[in-house]
Amino acid sequence: MSKKIGIIGGIGWPSSIEYYRLICEASQQYHSGMAIEGPTPMPEMVIESLDMNFTVNNRGSSAPGSWDQWDRYFQDAIARLERSGAELILLASVTPHARLAQITANTSLPVVNYYQALGDYCRSKNIEQMLVLGTMPTMTTAAFKIGLQAFGVEAQYPPNDGVKQQLVTIIDALYQNKTQGAASAIEDIVSLCISPEQRHNTAICLACTELPLAFENSANEAQFDVGELRYLNSTVIHAAAAFQACIA
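On a predicted model such as this, the values are computed, not experimentally measured, just so you know. (Residues numbered from 1 in each chain as written. Predicted model: local features only at pLDDT ≥ 70, side-chain atom pairs only at ≥ 80, totals over all residues. Heavy atoms only, no water.)

J.: So what exactly am I meant to see when it comes to the sheet that holds strand S4 (residues 129–133) here?
T.: Backbone-to-backbone hydrogen bonds pair the strands of a sheet. The strands run either parallel or antiparallel. Spatial ordering of the open sheet is given by S5-S4-S6-S8-S7, a layout of 5 strands whose pairing is mixed. If you trace the sheet from one side to the other, it starts and ends with strand S5 (154–156) and strand S7 (223–226), each paired once. If you compare each strand with its neighbour and ignore which way they point, the axes differ by 30 degrees on average. When S4 meets strand S6 (residues 203–206), the two strands line up parallel, connected through 4 bridges. Its bridge partner being in S6, Met 130 is matched across the sheet by Ala 203. (Pairing = 2+ DSSP bridges. Helix = DSSP H or I, 4+ residues; strand = E, 2+ residues; numbered from the N terminus. Axes fitted to C-alpha atoms, helices over the stretch in contact; angles between N-to-C directions.)

As structure tokens, this is what we get:
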């Protein structure tokens, strides 16, 4: 019997749909070939969909206590998932993992850690160099780099605020499921961040769960190539880890 998954979604809604789809499709693949009467078994899931506007506008800073309201918003959501019978927590977003210790402080439920899932994948594929593309908090705090160091991965961010802001503009459009031109715009940003000599040994991590939506033809691929560039679809990697955790 699989564990009931409690998903914190809405941040943003297009990637929440992807997590749900990927977990269901993972279950279909897992059960294929089994002698099952009736429909394919699916993990029970409950989704607590948060308000993206609130989460973006209430991000903290380096000032003491500035993240308290933001942390409580997630803590309260996890508590509601617990009351709904969730046995496993999945944050369908990368940004909150920078404050994972704080927002999960009041729960004893296991959490599908994004850094753990990505690090395990990188280790299995011998990935040691990574360019991280994500939200501004992801690209300006040390959490991502520290999280991947334990797996022997050296992560780097875009080199300046101007390039980071270009990426944030793309993400803002993807939050609204506006994908036209996003893939080429991401490729332009990558060209500003890594030299041609680095391309063969640097993986491009789409470390905002909306970014893979720009590459519609690779929606089910954990990694895919565009020319000389190797991209990691971290939504696929994280969702796969969630399914494995729920059947463990």
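Now, onward.
J.: What's the story with the state of the cysteines in this structure? I'm lost.
T.: This structure, assessed with the given rule, holds 0 disulfides. There is no disulfide at Cys 24, and the cysteine sulfur nearest it, in Cys 246, is 10 Å away. Looking at Cys 24, the relative accessible area reads 15%, which means it is buried. Free of any disulfide, Cys 208 has its nearest neighbouring cysteine sulfur in Cys 205, separated by 11 Å. You can call Cys 208 buried: its relative accessible area is 4%. (Disulfide = S-S within 2.5 Å. Buried < 20%, exposed > 50% of the residue type's maximum accessible area, 1.4 Å probe, protein only.)

J.: How should I be thinking about the sheet that holds strand S2 (residues 45–49) in this particular structure?
T.: Spatial strand order, S2-S1-S3: 3 strands in an open sheet with parallel pairing. Bordering the open sheet on either side are S2 and strand S3 (88–91), each of which pairs with just one other strand. Going across the sheet, the axis of each strand differs from the next one's by a mean of 20 degrees, ignoring polarity. Where strand S1 (residues 5–9) and S3 come together, 4 bridges link them in parallel fashion. Residue pairing across strands places Ile 7 opposite Leu 90, the latter belonging to S3. Its contacts with the sheet place helix H10 (residues 234–247) against S1 and S3, and it is angled at close to 175 degrees to S3. (Contact = heavy atoms within 4.5 Å.)

J.: Explain the side chain of Glu 48 to me, please; I cannot follow it from the model alone.
T.: Along the chain, Glu 48 turns up in strand S2. Of the residues examined, Glu 48 reaches a relative accessible area of 19% and is grouped as buried. Among residues more than four places away in sequence, those in contact with Glu 48 are Ile 7, Ile 8, Gly 9, Ala 77, Arg 80 and Leu 81.

J.: What should I look at first to understand the pairing of S7 in this one?
T.: Residues in a regular strand project their side chains so that they alternate between the two faces of the sheet. Relative to strand S8 (residues 229–233), S7 is paired through 4 bridges, and the arrangement is antiparallel. Residue pairing for S8: Asp 225 is matched across the bridge by Arg 230. The hairpin turn running from S7 into S8, its antiparallel successor, is 2 residues long, and Gly 227 in that turn takes a positive phi close to 60 degrees.

J.: Can you walk me through the pattern of salt bridges in this structure?
T.: A side chain of one charge can pair with a side chain of the opposite charge if their charged atoms are brought near each other. Following the criterion strictly, the structure yields 4 salt bridges and no others. Salt-bridge contacts for Glu 18 lead to Arg 21; the nearest nitrogen and oxygen are separated by 2.7 Å. A residue pair is termed a helical-turn pair when its members lie 3 or 4 positions apart in one helix, as Glu 18 and Arg 21 do in helix H1 (residues 13–31) at 3 residues. Taking relative accessible area as the criterion, Glu 18 reaches 16% and is therefore assigned buried. Here Arg 99 ties to Asp 71 by a salt bridge, and the two come within 2.7 Å at their closest N and O atoms. (Salt bridge = Lys/Arg side-chain N within 4 Å of Asp/Glu carboxyl O.)

J.: How should I be thinking about the pairing of S1 in this particular structure?
T.: By the criterion of burial, S1 is predominantly enclosed, with 5 of the 5 residues buried. Across the two faces of S1 the burial is the same, with Ile 5, Ile 7 and Gly 9 and Gly 6 and Ile 8 all buried. Following the chain from S1 across H1 to the adjacent parallel S2, one finds a crossover that is right-handed. (Right-handed = clockwise from strand over helix to strand, strands pointing away.)

Shape descriptors only; they carry no functional weight alone.
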